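# Structural overview
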Amino acid sequence: MRIIPAIVVCFFVSIPVSVAASDTLADEDAADGLKQALTLSVNAAIDTLGVPNGFLHNPQAKIPLPASLQKAEGLMRSVGMNKHADGLIAAMNHAAETAAAEGRALLIDAVQDMPVKDTKAILAGGDDGATQYFRNTSSDLLSDRFLPIVKKATEQAGVLKKYNDFAGKGAKLGLISEKHANIENHVTEKTLDGIYLLMAEKEQAIRNNPADQDSELVRRVFGTLK
């Protein structure tokens with residue numbers, strides 16, 4: 001008879017301990033832990049994408065032609081003109097990998113400068129809640145800051161030359177009416193899309209296994225969510 005009350009007492013005592021662990025987590029610690037996790041996510045994304053063929057050989061992140069050129073791409077491929085589309089796609093993806101590698105510090109700075117409000121709500125926002133918050137608060141700024149990096153990378157990768165080749169062939173076939181397509185903006189947007197995608201995957205891994213992380217603060221902050 002004495003065993004039952006002891007079990008009941010232990011049960012009720014264990015509940016507020018778990019709740020208290022979350023409630024007593026200081027807002028500053030929660031914000032710092034969130035930013036540390038996002039920094040880990042940035043590094044994981046760049047380590048995967050910012051290498052030779054990082055975008056081109058990743059089905060999720062591979063950058064396609066702009067929508068305005070995809071109809072022409074399909075028709076050109078149907079008549080055996082694959083090399084023109086393949087050359088442009090490869091050049092865009094190589095430019096993206098270069099831009100991603102060169103933009104690592106910019107991304108990490110953006111994480112550190114990110115204004116954080118209601119950290120606990122962000123932490124409770126699902127598997128990729130922190131990444132989505134970062135994207136929503138920083139994407140416009142990052143797009144502006146990434147564009148010059150992408151312009152340099154597209155020049156190095158010969159993107160515009162490849163585009164002119166593709167567009168010239170398409171124009172001769174009557175498939176492309178646009179005189180210009182802003183390839184650099186397209187590559188910038190898709191480069192960031194790929195980075196956010198892999199950041200979200202890393203964030204989910206952190207949430208699923210906080211104990212595996214090197215940072216004590218990340219372990220503590222995300223451990224309270226388990």
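Along each chain, residue indices are assigned from 1 in the same order as the chain's sequence is written. Totals for whole chains, interfaces and linings use every residue, but because this is a predicted model, local features are given only for residues with pLDDT of at least 70 and side-chain atom pairs only at 80 or more, for both listing and counting. To get the side-chain values, all heavy atoms of the structure are used, and hydrogens and water are removed first.

The name an unreviewed UniProt entry gives the protein is DUF4197 domain-containing protein, with Nitrosospira multiformis as the organism.

## Quick look at the pattern of salt bridges
Salt bridges are defined by distance alone: a side-chain nitrogen of Lys or Arg within 4 Å of a carboxyl oxygen of Asp or Glu. Counting across every chain of the model gives seven salt bridges. Among the ionic pairs, R77 bridges to D86, the shortest N-O distance being 2.7 Å. The salt bridge partner of D193 is R135, with a shortest N-O separation of 2.6 Å. Of this pair, D193 sits in helix α9 (residues 183-208) while R135 is found in helix α7 (residues 129-157), placing the two residues 58 residues apart along the sequence. Taken together, the salt bridges that share partners define one network made up of D29, E216 and R220. Helical segments are the DSSP runs of H or I of at least four residues, strand segments are the runs of E of at least two, and each set is numbered from the N terminus.

## Things to note about the packing of helix α4 (residues 82-102) against α9
Any two packed helices are characterised by how steeply their axes cross, that is the angle between the axes, and by the distance between the axes. Where α4 contacts α9, the axes come no closer than 10 Å and their chain directions differ by 60 degrees. Taken together, the axes of α4 and α9 lie oblique to each other. Seen along the crossing, α4 lies across α9 with a hand that is right-handed. Facing M92, A96 and A100 of α4, the residues of α9 in contact are I183, H186, V187, T191 and I195. Here the contact of α4 with α9 is built from residues that sort into six nonpolar, two polar and no charged. Orientation is described by axes fitted as lines to C-alpha atoms, over the contacting stretch for helices, and by angles from 0 to 180 degrees between their N-to-C directions. Any angle between 65 and 115 degrees counts as roughly perpendicular, while under 35 counts as roughly parallel, over 145 as roughly antiparallel, and the rest as oblique. For any helix crossing, the convention is left-handed if the near helix is rotated counterclockwise from the far helix by under a right angle, and right-handed if that rotation is clockwise. By definition, residues are in contact when any of their heavy atoms lie within 4.5 Å. Residues were grouped as follows: Ala, Val, Leu, Ile, Met, Phe, Trp, Tyr, Cys and Pro as nonpolar; Asp, Glu, Lys and Arg as charged; and all remaining residues, including Gly, as polar.

## What about the packing of helix α3 (residues 67-78) against α4?
α4 packs onto α3 with a crossing angle of 140 degrees between their chain directions and a minimal axis gap of 8 Å. When the interaxial angle is binned, α3 and α4 end up oblique. Contacts from L69, E73, M76 and R77 in α3 reach N82, H84, A85, D86, L88 and I89 in α4.

## Overview of the side chain of E184
Structurally, E184 is set in helix α9. One buried charged residue, E184, forms no salt bridge at all, with the nearest opposite charge on K151 at 4.5 Å. Partly exposed residues are those whose accessible area sits between 20% and 50% of the maximum for their type, while under 20% is buried and over 50% is exposed, using a 1.4 Å probe and protein chains only. His is not counted, nor are the chain ends, whereas Lys and Arg count as positive and Asp and Glu as negative.

## Examining unusual backbone geometry
Trans peptide bonds make up most of the peptide bonds, and negative phi angles are found at most residues other than glycine. Phi angles above zero are rare outside glycine, and N53 is one such case at about 65 degrees. By the element assignment, N53 lies in the loop between α2 (27-49) and α3. Given a relative accessible area of 26%, N53 falls into the partly exposed group. For D118, which is not glycine, the phi torsion reads 55 degrees and is therefore positive. Looking at where D118 falls in the secondary structure, it is placed in the loop between α5 (104-113) and α6 (119-123). By relative accessible area, which is 56% here, D118 ends up exposed.

## Quick word on the environment of L88
Topologically, L88 is positioned in helix α4. Look past the residues within four positions of L88 in its chain and what remains in contact with it is L65, L69, V159, K162, Y163 and F166.

## Re the side chain of E203
Relative to the assigned elements, E203 resides in helix α9. Polar contact criterion, stated in full: a pair of N or O atoms within 3.5 Å, where within protein one must be able to donate a hydrogen and the other to accept it, and residues adjacent in sequence count only if both atoms are side-chain atoms. Here R207 takes part through its side chain, which lies 2.9 Å from a polar atom of the side chain of E203. Not counting residues up to four positions away in its chain, the partners in contact with E203 are S41, G126, D127, D128, G129, A130 and T131.

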